[in-house]
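Each chain, letter by letter, is given below.
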Amino acid sequence: MPAPARPRAFVARPPRNADLDPWMTHGAAAVAVAGWVTQVCGIPLWAYALLCVYPGFALALVRSFAEHRAAENSDHRAAIVERSPLFGLLFPHNNLHVVHHLRPDLPWYAIPASYRAHRPALVARNGGLVYRGYTEVARRFLFTPHHQPPHPFTH
C-alpha cells in the first residue's frame, strides 16, 4: 500500500500577508492591553502575566483538552461535560461542546435547553463521550493520558 500524500496544511510555503494579518492585529491588541494594564491600572506587567494571563490561558486549555479527542468519526470528537456551572458561564456553555459543534448559530444561553431537549440523540451521536463534570475529567486524566492521537506523518 503506498504511503498517503502529505496533507496540504503541512506543506511548507512562505507566509502570505493574509497569514500574518491576524497575528499583527493580535500583537497590536496585546501591546495596547499591556500599556493599559501597566500605565492606567498600575499593575506590573510581570504580575499581569503571572496572575491573569497564565491562569486564564491554563483554564482555556483545560476546557479545550476535556472537550476534544482524536477520533476517526468526526462526530465522536466533541465531548459533553454535563455539570459545569462555573465553566459553563465562564466559557458560554461550551462544556456542552457537541451542541456547539452541531449548532454554532445557537445563542450561548440557549445551549443548555437544547442539550436537555436532545440529550439521548446527542450522546448517541458523539459516541457516549460524556463527563459528569470537570472534577471527573481531573480525576480521570490529571496523571494519565487523555488520548494519544497518531501524528499525521506516522501512517
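Residues numbered from 1 in each chain as written. Predicted model: local features only at pLDDT ≥ 70, side-chain atom pairs only at ≥ 80, totals over all residues. Heavy atoms only, no water.

Trainee: An account of a nonpolar patch on the surface is requested, with residue identities and associated values reported.
Mentor: A cluster of nonpolar side chains, contributed by Trp46, Leu50 and Leu51, occupies part of the molecular surface with about 400 Å² of accessible area. Take Trp46: it is sitting in helix α2 (residues 45-67). (Patch = residues over 30% accessible without salt bridge, like charges linked within 9 Å, V, L, I, M, F, W, Y side chains within 5 Å. Areas by Shrake-Rupley, 256 points an atom, 1.4 Å probe, with all protein chains shown as cover. Salt bridge = Lys/Arg side-chain N within 4 Å of Asp/Glu carboxyl O. Helix = DSSP H or I, 4+ residues; strand = E, 2+ residues; numbered from the N terminus.)

Trainee: Go over α2, please, and point to the residues and values.
Mentor: The terminal C-alpha atoms of α2, which comprises 23 residues, lie 31 Å apart, in line with the 33 Å expected from a rise of 1.5 Å per residue. Of all the bends found along α2, the most pronounced is centred on Val53 and spans about 30°, while Pro55, a proline, follows it within four residues. Looking at α2, one finds that the buried residues are Ala47, Arg63, Ala66 and Glu67. Contacts made by the buried residues of α2 are with β1 (80-83), α4 (97-102), β2 (130-133) and α6 (134-141). (Expected span 1.5 Å × (residues − 1). Bend = angle between axes of the 7 residues up to and from the residue. Buried < 20%, exposed > 50% of the residue type's maximum accessible area, 1.4 Å probe, protein only. Contact = heavy atoms within 4.5 Å.)

Trainee: Go over the packing of aromatic side chains with me, naming the residues and quoting the values.
Mentor: Counted according to the given criterion, the structure contains two aromatic pairs. With a centroid separation of 6.0 Å and an interplanar angle of 80°, the aromatic rings of Trp108 and Tyr109 are classed as edge-to-face. For Tyr109, a relative accessible area of 60% corresponds to the exposed category. For the ring pair Tyr131 and Phe141, a centre distance of 6.0 Å and an interplane angle of 85° mean the geometry is edge-to-face. (Phe/Tyr/Trp six-rings, centres within 6.5 Å; stacked < 30°, edge-to-face > 60°.)

Trainee: So, the state of the cysteines: which residues are in play, and what are the values?
Mentor: Chemically, a disulfide is nothing more than a covalent bond linking the sulfur atoms of two cysteines. As enumerated under the stated definition, the model contains zero disulfides in all. Take Cys52: it sits in no disulfide, and the sulfur closest to it among the cysteines is that of Cys41, at 9.7 Å. (Disulfide = S-S within 2.5 Å.)

Trainee: Run through the environment of Ser84, naming residues and quoting values.
Mentor: The residue Ser84 is located in the loop between β1 and α3 (85-90) in this model. Between the alpha carbons of Ser84 and Tyr131 there is a distance of 10.0 Å; along the sequence they are 47 residues apart. When sequence neighbours within four positions are dropped, the list of residues in contact with Ser84 reads Asn95 and Tyr134.

Trainee: Report on the environment of Leu45, specifying residues and quantitative values.
Mentor: Tracing the chain through its elements places Leu45 in helix α2. You can call Leu45 partly exposed: its relative accessible area is 46%. In sequence terms Leu45 and Gly35 are ten residues apart; their C-alpha atoms lie 8.9 Å from each other.

Trainee: An account of the side chain of Ser114 is requested, with residue identities and associated values reported.
Mentor: Here Ser114 shows up in helix α5 (residues 111-125). The class of Ser114 is buried, set by a relative accessible area of 15%.

Trainee: Break down the pattern of salt bridges for me, with residues and values.
Mentor: All chains considered together, the criterion is met by three salt bridges. In this structure, Arg103 and Asp105 form a salt bridge, with 3.1 Å as the shortest nitrogen-oxygen distance. Among the ionic pairs, Arg140 bridges to Glu136, the shortest N-O distance being 3.0 Å. Separated by four residues within a single helix, Arg140 and Glu136 lie in helix α6, roughly one turn from each other. A residue is classified by how much of its surface remains accessible, and Glu136, at 7% relative accessible area, is buried.

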